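Descriptive analysis of the structure
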Amino acid sequence: MNNLSQLNQFLSENKQRTLLYLKKTFPALSGDDSEDVYQDSSITLYLNILNGKLTTLTSSLYTYFLRICINLSLKMLNKRSRMLTVAIDDGGTECRTIPYDALEHAMQVNDDSEPRLLEDKQNLVETIVGDMGEQCRRLLIGRYVEGLSWSNIAKKYGLANADTAKSIACRYRKKVREKYQSLAERV
C-alpha cells in the first residue's frame, strides 16, 4: 500500500465480504459487534502499515487483514464469556468456577423462542443454579463440566449404579428446563 486512497479502496472493496465471514464464523457476534471488529481491524491494519510492520507479507493482504479481524473477534468474545462460581455443597465450602456455556449445556437449556441477551440468559442460569439442591449440582457438574462417566459419578456420590445416576440427572435436567422456561417467560 503506497497511499491512504489505496488502503481505503481495499477496505471498502472487502467490507461486505469480511462482515459476511465474521457473521458466519462468529454467530455470537451481533451485526454491530462485527462492524466494530471491522473498524478496529481497519485501524490496526492502518497502524501496522504506518509503523512498517508490513514490509514483507507471506500471505495476501486480505488474509492478513482477516487474521486481525479473527483475533479481535476472539478477544471480544472472550471478554464476554462470564464465569460463575458455584457452591457445589449446600454449606458453600466446596466451590468451582464454571463457564456459563458449560452450565447451559449441562442443563440442556435452549431458548429458541426469542433472541435473548447473553446477560439475561446468564442471570437466569445463575438463579437456577443457586436454587439447585446439592445432589443436583454435584451430578450435573460431575457429568457435564468435569466429564465424569455415569459409573464414576455413581461411585463418587454413593449411588447404586450408572443407570441410577443417569436417571436422577435426567429428572434434574427436566426440572431445570421447566424452571428456566418459567423464569424466561417472566423476563
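For the structure itself, consult the block above.
This text gives an overview of the structure that appears in the document. If you're wondering where the values come from, they're calculated on a predicted model, not measured in any experiment. (Residues numbered from 1 in each chain as written. Predicted model: local features only at pLDDT ≥ 70, side-chain atom pairs only at ≥ 80, totals over all residues. Heavy atoms only, no water.)

This part is about a nonpolar patch on the surface. Together, Leu-4, Ile-43, Tyr-46, Leu-47 and Leu-50 make up an exposed nonpolar region whose accessible area comes to about 470 Å². Assignment of secondary structure puts Ile-43 in helix α2 (residues 31-50). Exposure remark for Ile-43: the relative accessible area of 49% places this residue in the partly exposed category. (Patch = residues over 30% accessible without salt bridge, like charges linked within 9 Å, V, L, I, M, F, W, Y side chains within 5 Å. Areas by Shrake-Rupley, 256 points an atom, 1.4 Å probe, with all protein chains shown as cover. Salt bridge = Lys/Arg side-chain N within 4 Å of Asp/Glu carboxyl O. Helix = DSSP H or I, 4+ residues; strand = E, 2+ residues; numbered from the N terminus. Buried < 20%, exposed > 50% of the residue type's maximum accessible area, 1.4 Å probe, protein only.)

This brings us to the nonpolar core. Met-132 and Leu-140 are the most contacted members of the largest nonpolar core, which totals 21 residues. Ranked by residues supplied to this core, first place goes to helix α8 (residues 162-186) with eight residues. By size, the runner-up hydrophobic cluster in this structure holds 18 residues, among which are Phe-26, Tyr-38, Leu-45 and Leu-61. (Core = buried A, V, L, I, M, F, W, Y, C linked by side-chain atoms within 4.5 Å.)

Let us now look at the packing of aromatic side chains. Under the criterion given, the structure shown has two aromatic pairs. Judged by centre distance (6.0 Å) and plane angle (85°), the rings of Phe-10 and Phe-65 are edge-to-face. With Phe-10 in helix α1 (residues 4-25) and Phe-65 in helix α3 (residues 61-80), this pair connects stretches of sequence that are 55 residues apart. Comparing Phe-10 with Phe-65, the two get one shared label, buried. Between Tyr-38 and Phe-65, the ring centres sit 5.7 Å apart and the planes meet at 85°, which makes this aromatic pair edge-to-face. Residue Tyr-38 is found in helix α2, and its partner Phe-65 is found in helix α3; the two are separated by 27 residues along the sequence. (Phe/Tyr/Trp six-rings, centres within 6.5 Å; stacked < 30°, edge-to-face > 60°.)

Mapped onto the secondary structure, Leu-54 falls in the loop between α2 and α3. Along the backbone, Leu-54 and Tyr-64 are ten residues apart, and their C-alpha atoms lie at a distance of 9.5 Å. Sequence-distant contacts of Leu-54, that is, excluding residues within four places in its chain, are made with Leu-45, Asn-48, Ile-49, Leu-61 and Tyr-64. (Contact = heavy atoms within 4.5 Å.)

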